[in-house]
Amino acid sequence: MPDFSYIARDSHGQKVMGTLAAPSQREAISQLSSRALFPIEVQAAKTASGAKFSFGKRVGGQLIATTYGQLAGLLRSGVPLLRSLCVLRDQTSHKVLHEVLQDVHDRVEAGETLADALARHPRVFNEMAVNMVRAGGEGGFLEEALERVATFTEQQEDLKSRTMGALAYPMFLATVGSLVVGGLLIFFVPNFEEMFTRLRERGELPWITDFLLGFSRWLQSWWWVFAVVVVAIIVYIRVQVATESGRRVFDLVKVKLPMAGKIFLNLAVARFCRVLGTMLRNGVPILKSLEVSRGAAGNRVLSDAIEDASENISSGETLSGPLASSGHFPPNVVEMIAVAEESNTLDTVLTDIADGLERRTFRQLDLMVRLLEPIMLLILAGVVLLVVIALLLPVLKMSTAI
């Protein structure tokens, strides 16, 4: 069904703009008239649905989680769906979310299902949420599905904020340390160049001091080359990561890193298990659940293993087999999945696995951050100490000569 953008006036003469789905322009005008709107301009939308929300605008995960929970509460209280969407639209102060909810309301009013209306805004409502809402609508448990989507979204936002919070201080130390060392080399060290000229002419200047002065001189004259190289490396990595093969290599490197690799891997496995368990609990078929959770893992290496598992299940085999053979899933996780398949409790066990993995991973993350802080302080102190030693050695040599 095509989309039409419209400009109309309501009964109070206020201008109203929006989009609606209709089989023809005449039907679109008829729909506007039935809503007590006087159409001024009605034309076919020039871009795909939801394009007006595609300019990089997103809605925060916590706000979306609250919206899911409020919608579930309104529906459970007996408020009709269209009225519930109006209430949520009117109470939000977020401009993008207000426009999205208005569009969802219009599409549902025009006959689309809630899941189809949400799917038209993939930057706001992700695939997992849309599929769970679709399963809830078809299975008659829409309120429960929305509540579980809200809970899951809140858990993911909490996971993200805790991870970023744990890494904030080490990143701050790295930034400050780089600025301090750069400032020393560019502005402080060159002041000693003339002082040590006579020692260099006599060949008595220590090699570490000579190297430091040379590097400082180069950095002072060619710092822009260093900056360009750094930017070029970053751009190259981003371009490579944007390709399928580059992203696969990047994800493989991530899970192979010392210390941090296990954390990245466990977080990806936890995301996969939580999404899969939540969707299975909401009645989504396992093949569709695996397709969605494969993308939710956020790691191409794990996605390949999950894709193999989907093929095995299509041919009547188990999920645990290909996950174990991939070598990327922890053995205890694979064993728990195998037992759950036999006892038909896969949805519950997967959620428990996700909870356990996240708890252990956060303990490991806290330990790694605690180790990173003194390590980075030691590195910063070591670099500053080398600069001081390189500058003091010639001074001590001149003092001895005197």
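Keep in mind that this is a model prediction, so the values were computed, not measured.

S.K.: With reference to specific residues and values, describe the overall build of the protein chain.
M.R.: The helix and strand inventory of the protein chain stands at 16 helices and three strands. A globule of 402 residues ought to have a C-alpha radius of gyration of about 21 Å, yet the protein chain, at 30 Å, is considerably larger. For the protein chain, the spread of C-alpha atoms along the three principal axes comes to 100 × 65 × 35 Å. In the protein chain, the proportion of contacts linking residues at least 24 apart, taken out of those at least 6 apart, comes to 61%. Here the protein chain displays about 22100 Å² of accessible surface, and carbon together with sulfur accounts for 61% of that area.

S.K.: Tell me about the layout of surface pockets, and please be specific about residues and values.
M.R.: Space inside the largest pocket adds up to approximately 1300 Å³. Taken together, 39 residues make up the lining of the largest pocket; nearest its centre are Gln156, Glu157, Lys160, Arg271 and Ala296. Counting residues per element, the lining of the largest pocket draws most heavily on helix α7 (residues 142–188), at nine residues. Residues of the lining of the largest pocket, tallied by class, amount to 21 nonpolar, nine polar and nine charged.

S.K.: How would you explain empty space enclosed by the protein if you had to name every residue and give the values?
M.R.: Scanning all chains against the criterion turns up one cavity of 30 Å³ or more. Size it by volume and the largest cavity reaches roughly 60 Å³. Taken together, Thr67, Tyr68, Leu71, Leu85, Leu88, Leu101, Val104, Leu118 and Phe125 make up the lining of the largest cavity. Within the residue set of the lining of the largest cavity, elements represented by two or more residues are α2 (61–76), α3 (81–91) and α4 (95–109). In terms of residue count, the dominant contributor to the lining of the largest cavity is α2 (three residues). Its residues assigned to classes, the lining of the largest cavity shows eight nonpolar, one polar and no charged.

S.K.: Just give me the short version of unusual backbone geometry, but keep the residues and values in it.
M.R.: Of note in this structure, Asn344 is not a glycine but carries a positive phi near 60°. The residue Asn344 is located in the loop between α15 (331–343) and α16 (346–401) in this model. Owing to a relative accessible area of 69%, Asn344 belongs among the exposed residues under this scheme.

S.K.: Quick one: what's the story with the packing of helix α12 (residues 286–296) against helix α13 (residues 300–314), residue by residue and with numbers?
M.R.: A pair of packed helices can be characterised by two numbers: the angle between their axes and the separation between those axes. Packing of α12 against α13 leaves a shortest axis separation of 9 Å and a crossing angle of 175°. In terms of orientation, α12 and α13 fall into the roughly antiparallel class. Taken together, the residues of α13 that come into contact with α12 (itself represented by Ile286, Leu287, Leu290 and Arg294) are Ser303, Ile306, Glu307, Ser310, Ile313 and Ser314. Residue composition of the contact of α12 with α13, grouped by class: five nonpolar, three polar and two charged.

S.K.: So what's going on with helix α10 (residues 244–256)? Which residues, and what values?
M.R.: Note on helix geometry: an α-helix contains 3.6 residues per turn, so any two residues three or four positions apart are oriented the same way. Between its terminal C-alpha atoms α10 stretches 19 Å, which fits the 18 Å expected from 13 residues at 1.5 Å a residue. All of the buried residues in α10 are Gly246, Asp251, Lys254 and Val255. Take α10 and look down its axis: the buried residues cluster within an arc of 165°, on one side only. Structural note: α10 exposes Ser245, Val249 and Lys256 on the side pointing more than 90 degrees away from its buried face. Each element contacted by the buried residues of α10 is listed here: α9 (207–242), α11 (260–281) and α13. Where α10 begins, one side-chain oxygen reaches toward the backbone nitrogen of Gly246, 3.1 Å away; that side chain belongs to Thr243.

S.K.: Go over α3, please, and point to the residues and values.
M.R.: Among the residues of α3, Ser84, Leu85, Cys86, Leu88 and Arg89 are the ones counted as buried. Tucked into the core, α3 has its buried residues touching α2 and α4.

S.K.: Could you give an account of the nonpolar core, naming the residues involved and the relevant values?
M.R.: In summary, soluble globular proteins display a tendency toward joint burial of nonpolar side chains. Counting residues in hydrophobic clusters, the biggest one holds 35 residues, and the most contacted among them are Tyr68, Val104, Leu114, Phe125 and Leu146. Those elements that provide at least two residues to this core are α2, α3, α4, α5 (114–119), α6 (127–139), α7 and α11. In this structure Leu146 touches Tyr68, Leu71, Ala72, Leu75 and Val133, once residues within four positions along its chain are discounted. Listed in part, the 29 residues of the second largest apolar core include Ala268, Leu290, Leu323 and Val349.

The rules behind these values
Residues numbered from 1 in each chain as written. Predicted model: local features only at pLDDT ≥ 70, side-chain atom pairs only at ≥ 80, totals over all residues. Heavy atoms only, no water. Helix = DSSP H or I, 4+ residues; strand = E, 2+ residues; numbered from the N terminus. Rg over C-alpha atoms; globule rule 2.2 N^0.38 Å. Contact = heavy atoms within 4.5 Å. Areas by Shrake-Rupley, 256 points an atom, 1.4 Å probe, with all protein chains shown as cover. 1 Å grid on protein atoms, 1.4 Å probe; cavity = no way out; pocket = protein on both sides within 12 Å on 5 of 7 lines; lining within 4 Å. Points joined across faces, edges and corners; volume = space filled by probe spheres on them. Nonpolar A, V, L, I, M, F, W, Y, C, P; charged D, E, K, R; others polar. Buried < 20%, exposed > 50% of the residue type's maximum accessible area, 1.4 Å probe, protein only. Axes fitted to C-alpha atoms, helices over the stretch in contact; angles between N-to-C directions. Parallel < 35°, antiparallel > 145°, perpendicular 65-115°, else oblique. Expected span 1.5 Å × (residues − 1). Arc of directions from axis to C-beta. Polar contact = N/O pair within 3.5 Å; in protein donor to acceptor, adjacent residues only side chain to side chain. Core = buried A, V, L, I, M, F, W, Y, C linked by side-chain atoms within 4.5 Å.

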